[in-house]
Amino acid sequence: SREALNLQEEWVRPVQGMRFPDELTIQDIEPYSALQLFMERAHRVQRDFDDVACAIQVCQLVGGMPLAIELATAWLKVMPCDQIIKEIQRNLDFLVAKARNIDERHSSIRAVFDYSWQLLSTDEQAVMAKLSVFHGGFELEAAEQVAEASLFILSELVEKSLLRVAPSGR
């Protein structure tokens, strides 16, 4: 589930994106689930695909998000991996499915964001829109000043998996 139920008996296990390497050259893809997924899906489309460095860059750009990896690899049918990277850097709306048998909510990264947006209250939407000015995170004080975000709304956005609290507190 994307959102905690907030029951006393509940155990919450946050799920992050799949694991990917920080560097572009590695010896083994085995420890990196995002990279394994990318290579598996890439081989479906392009049997001889072997550009691991390019695959790593895509995984890094999409934060290991499985759906984004799947959408990106589908583009290997019509363009080289380095072009896919450029398109993702230019606009995440590029990540759209061409498959006919995919749920509408998962047909593009935009559809995922739109679906999540519709689940927010008006106040939560207003805060999220204002928080979009931050790049790379923010601290509580900055969110309160810039986005007029209450601690309650911020906690709701964390509960809905739209914000994460880093170990540093950001």
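From a predicted model like this one, the values you see are computed outputs, not experimental measurements.

Here helix α1 (residues 33-45) spans 19 Å end to end across 13 residues, near enough to the 18 Å set by a 1.5 Å rise per residue. Within α1, the full set of buried residues consists of Ala34, Leu35, Leu37, Phe38, Met39, Arg41 and Ala42. Looking at the packing, one finds that the buried side of α1 touches α2 (52-61), α3 (66-74) and α4 (81-90).

One finds Leu35, Phe38, Phe49, Val58, Ile84, Ile88 and Leu95 to be the most contacted residues of the largest nonpolar core, which totals 32 residues. Listed by contribution, the elements that provide at least two residues to this core are α1, α2, α3, α4 and α5 (109-118). For this core, the element with the highest residue contribution is α1, accounting for six residues. Within the second largest apolar cluster, twelve residues are counted, among which are Leu120, Val127, Leu131 and Ala147.

Moving on, we come to the packing of helix α6 (residues 122-131) against helix α8 (residues 151-159). Working note: a packed helix pair is described by the angle between its axes plus the distance between those axes. The N-to-C vectors of α6 and α8 enclose an angle of 85°; their axes lie 10 Å apart at closest approach. It follows that α6 is roughly perpendicular to α8 by the angle criterion. Residues Asp123, Glu124, Val127, Met128 and Leu131 of α6 lie in contact with α8, whose contacting residues are Ile153, Leu154, Glu156 and Leu157.

Our focus in this paragraph is the packing of aromatic side chains. Taken as a whole, this structure holds three aromatic pairs when the rule is applied. Taking the centre distance of 5.7 Å and the plane angle of 50° together, the rings of Phe38 and Phe49 count as tilted. One end of the pair, Phe38, is in helix α1; the other, Phe49, is in the loop between α1 and α2, with eleven residues separating them in the sequence. Summarising the burial analysis for this pair, Phe38 and Phe49 share the class buried. Centre to centre, the rings of Trp75 and Phe94 are 4.6 Å apart; their planes meet at 25°, and the pair counts as stacked. Separated by 19 residues along the polypeptide, Trp75 in the loop between α3 and α4 and Phe94 in the loop between α4 and α5 bring together distant segments of the chain. Since its relative accessible area comes to 17%, Trp75 is described here as buried. The ring of Tyr115 has Arg105 sitting right over it, with the charged end atom 4.7 Å from the ring centre.

So, about the pattern of salt bridges. Per the stated rule, a full pass over the model turns up eight salt bridges. Glu124 is the partner of Lys160 in a salt bridge, and the nearest nitrogen-oxygen pair spans 2.8 Å. Of this pair, Lys160 sits in the segment after α8 while Glu124 is found in helix α6, placing the two residues 36 residues apart along the sequence. This pair shows no difference in class: Lys160 is buried, exactly as Glu124 is. What emerges from the salt-bridge pattern is a single network uniting Glu40, Arg41 and Glu70.

As a further point, take the layout of surface pockets. Computed from the structure, the second largest pocket encloses a volume of approximately 330 Å³. Contributing elements (two or more residues each) for the lining of the second largest pocket: α1 and α3. Looking at the lining of the second largest pocket element by element, the count peaks at five residues for α3. Per-class residue counts for the lining of the second largest pocket are seven nonpolar, one polar and five charged.

What counts and what doesn't
Residues numbered from 1 in each chain as written. Predicted model: local features only at pLDDT ≥ 70, side-chain atom pairs only at ≥ 80, totals over all residues. Heavy atoms only, no water. Helix = DSSP H or I, 4+ residues; strand = E, 2+ residues; numbered from the N terminus. Expected span 1.5 Å × (residues − 1). Buried < 20%, exposed > 50% of the residue type's maximum accessible area, 1.4 Å probe, protein only. Contact = heavy atoms within 4.5 Å. Core = buried A, V, L, I, M, F, W, Y, C linked by side-chain atoms within 4.5 Å. Axes fitted to C-alpha atoms, helices over the stretch in contact; angles between N-to-C directions. Parallel < 35°, antiparallel > 145°, perpendicular 65-115°, else oblique. Phe/Tyr/Trp six-rings, centres within 6.5 Å; stacked < 30°, edge-to-face > 60°. Lys NZ or Arg CZ within 6 Å of the ring centre and 35° of its normal. Salt bridge = Lys/Arg side-chain N within 4 Å of Asp/Glu carboxyl O. 1 Å grid on protein atoms, 1.4 Å probe; cavity = no way out; pocket = protein on both sides within 12 Å on 5 of 7 lines; lining within 4 Å. Points joined across faces, edges and corners; volume = space filled by probe spheres on them. Nonpolar A, V, L, I, M, F, W, Y, C, P; charged D, E, K, R; others polar.

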